Amino acid sequence: MDMSDAVIVKSSRLKSVVWNDFDRIKKGDTCVAVCRHCKKKLSGSSTSGTSHLRNHLIRCQRRSSHGIAQYISAREKRKEGTLAIANFNIDQDTNKDDNTLSLVNIKFEQTQLKDDTVNTGTSNFDQRRSRFDLARMIILHGYPLAMVEHVGFRAFVKNLQPLFELVSLNRVEADCIEIYEREKKKVNEMLDKLPGKISLSADVWNAVGDAEYLCLTSNYIDESWQLRRRILNFIRIDPSHTEDMVSEAIMNCLMYWDIDRKLFSMILDSCSTCDNIAVRIGDRLLQNRFLYCNGQLFDIRCAANVINAMVQHALGAVSEIVIKIRETIGYIKSSQIILAKFNEMAKEVGILSQKGLCLDNASQWNSTYSMLEVALEFKDVLILLQENDAAYKVYLSDVEWERVTAVTSYLKLFVEVINVFTKNKYPTANIYFPELCDVKLHLIEWCKNSDEYISSLASRLRSKFDEYWEKCSLGLAVAAMLDPRFKMKLVDYYYPQIYGSMSASRIEEVFDGVKALYNEHSIGSPLASHDQGLAWQVGNGPLLLQGSAKDSRDRLMGFDKFLHETSQGEGTKSDLDKYLEEPLFPRNVDFNILNWWRVHTPRYPVLSMMARNVLGIPMAKVAPELAFNHSGRVLDRDWSSLNPATVQALVCSQDWIRSELEN
C-alpha cells in the first residue's frame, strides 16, 4: 500500500491506550495502524477493534516490556484483582511423586499500600505484596533464603517485572519472620477455641553438624471432628542437655501457648531419657490437677518407634547373614554369564517367581525385608549354585537359612503393622489395639522356637515390647472401646489369648479405667453442675451460667442439680451404659469413626467428649515417609545454617501454611 499521500488521524475518539503506541493513518477510505516501535502495519479501521493491536504490542520485540499490563482487557483485570498475601487456597496435586502445588480458586483482596504502589498506566504494581509473595513461596517450598541473592534468580525477576525492587537476604528473612508472627496469632486463636484436649508429640530432628532441634507438635480433633496436627515449637537443643533442661523447655512452650491445662497426653519415643522427661512434666501437671485418671493416659509411647526398635534388634541378630546375602546378590549380578547360569538353575528347580534378586537400601529396613524375602524364594537355587560353582564361596549354612527364615517372618509382620499405621495421613487411636495385640500374640509363639538362638532373640523382643505394652495398653484398649464396631468385645477377644487365667482381672482393669475416665469427663460436662448450680464446668472454664449476680435470688438455682441427682437414683442410664448395651455397628471398609461420633454427639454428649480426646492421641507419631527409616528427621542443610529463631519461624510457618492449604 502506497503511503505517500496518507495522513495521520488525530481524533479524541481514539480512547484506547493502544493508540499511545500506534499511529492511525488514513488514505482514502482505508485506515491503517502503524506500530511506532517496529513500524508494522495492521488494520486500523473502526470495525476491526483493538484486540489485534494489543496482541501485537505484547509480542513486539522492539517495544520495552515496561507497562504491558495496561493492555490487559478490563474484564481480565476484574478477574485478576490483587493477590492477597495470606489468603489464597491451593489444591495439592494428589500425585505423591510430584510435590508441585497447583494454584486454583485463588481468592483476591483489594489491599494495597499507597507507599509501595507504582502506577503503570491503568494497572498497579504492589511492591510490598510481591515481597511477601516471595517470602511465602520460600517458606512454603523450603527454598534457601539465599536464593534472593543468586544471580540467576535476580536476572529472572528483573526481566519478569522490572518494577520489583530486589530484596536482600536480611530483608526476606525479616519478611519470613513477619509472616510467622502473623500465622502464629491465628494458631493461638485456634488453640484457644478448641472444644477438646490436646496430645503433644515430641521429636528430635538432626541438623548440620551436631545440632539438634526439638519439634513439639499438637494433635487434636477440632470442632468439625477432623483430626489435625500443628507444629507449635521448633527449638534448638544441645545434645548434652539433661532431661531436666529438656522437660523445662517443653513446659515453657506449653505455658507460652497456654495449653498446659489442655494437655491430655504426651507421645515420646521409647527410651530412658524420655521416661525421665515424661515423669517430670507429668508431675508438674498433676500438681495442678490438669491430667485425667491421675495421669494414667498421659505418658504414651510411639508404637512405630517400638516396632522399629525391635526390627533393629532382630536385624542385628542376623547381621552377618544379611551381609552374606548382599554379597551373594552382588556375585550373581557381577557378570551376565553367572546371572544367566543362575536363571537357568531357577528354571530347573521350577521357580517361576517374577521377583528378581535385588540389593536393599540399608537405610530402609522394609527394603532389607524385601531382599531377604526374595532370597528365601530362591533358596533352592542358591543351594544348587553352591554345589555347581566353585567360585561361589559366601553361601549360607542350613542353620543360617533357618535363622534368616525366622527373622524374615518377624519382619513380615512388622512391615504389615507399620503399613496399617501409615495408610492414613492422620490415623485415629482406635486402629492400633488389634494390630499390637497381634504382635504380642506372635511374640509369645516366637519364644517357643526350638532353636535356642531364635527363641532367645524372640524373648528379648518380647521384653522390649512388654515395656511398651504395660505403659500403653490401657490407652490402646480405651481407644478400641470407643470404636462402635468393637466396643469392649475386642478386649474380651484378645485378653484371654494374651493373659490366659489372668484375663478376667485384666479386662476388669480396662473397664475400671474406662469408667474412671468417663466419670471425670462427666464431672466437666453440662450433665453435672457445681457451685449450687451457678456454673457448669468444662475443662477449667465455665460453659454455661445457670444464674448470675443479678439473678442471685432465684429460688430454683439448685433445681437442675437436684433433678440430675434424683434422676440418676431412679435408674437413668449414662452415655456409657447406653453405648455398651446397644448392638455393634456393622464392620464396613468405608467406616469413618470421627464422622460416626460427630453424628452421635447429641446422643452421647459426655462419651463424645471422651472420644474426642482419646481418639486424637497419635499412638504412632512417625511420618509415613520415615516409617521404615533407621534415622530420624533431618533439617534441610540451607535452613540449618540460619539463626535458631529464624529456623523455628520457617519450620512452624511452613507447617501452618501447608495445613491451611490442605483444608
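So, how was this worked out
Residues numbered from 1 in each chain as written. Predicted model: local features only at pLDDT ≥ 70, side-chain atom pairs only at ≥ 80, totals over all residues. Heavy atoms only, no water. UniProt positions renumbered as here; feature names shortened; annotations may be inferred. Buried < 20%, exposed > 50% of the residue type's maximum accessible area, 1.4 Å probe, protein only. Helix = DSSP H or I, 4+ residues; strand = E, 2+ residues; numbered from the N terminus. Pairing = 2+ DSSP bridges. Phe/Tyr/Trp six-rings, centres within 6.5 Å; stacked < 30°, edge-to-face > 60°. Lys NZ or Arg CZ within 6 Å of the ring centre and 35° of its normal.

Labelled according to an unreviewed UniProt entry, the chain appears under the name BED-type domain-containing protein, originating from Phaseolus vulgaris. UniProt, in its Subcellular location (unreviewed entry) section for the chain, records the words "Nucleus". Quoted verbatim from the Subunit (unreviewed entry) heading of the UniProt record, the comment on the chain is "Homodimer."

Some points on the pairing of strand β3 (residues 30–35)
With five of its six residues buried, β3 lies for the most part within the structure. Pairing geometry for strand β2 (residues 22–27) and β3, over six bridges, is antiparallel. Note on β3: the bridge partner recorded for K27 is T30. The antiparallel hairpin formed by β2 and β3 contains two residues in its connecting segment, where G28 sits at a positive phi of about 65°. Inspection of the sheet shows β3 paired to strand β4 (residues 41–43) by three bridges, in the antiparallel sense. Among the inter-strand pairings, V34 is bridged to a residue of β4, identified as K41. Taking the residues that link successive antiparallel strands as the turn, the β3-β4 hairpin has five residues, and the phi of K39 there is positive, at about 65°.

A few points about the packing of aromatic side chains
Applying the stated rule across the entire model yields 28 aromatic pairs. For the pair W205 and F234, a centre-to-centre distance of 4.9 Å together with 85° between the ring planes defines the contact as edge-to-face. One end of the pair, W205, is in strand β9 (residues 198–206); the other, F234, is in strand β11 (residues 227–237), with 29 residues separating them in the sequence. By the burial criterion, W205 is buried, and F234 matches it. Where F264 meets Y292, the ring centres are 5.6 Å apart and the plane angle is 55°; that geometry is what we call tilted. In this pair, F264 is assigned in strand β12 (residues 263–268) and Y292 in the loop between α7 (272–287) and β13 (299–301), connecting sequence segments 28 residues apart. Exposure remark for F264: the relative accessible area of 3% places this residue in the buried category. Following the ring pairs from residue to residue traces out a cluster consisting of F433, F465, Y468, W469, Y493, Y494, Y495 and Y499. Looking at R182, its charged tip hangs above the ring of F132, at a distance of 5.3 Å from the centre.

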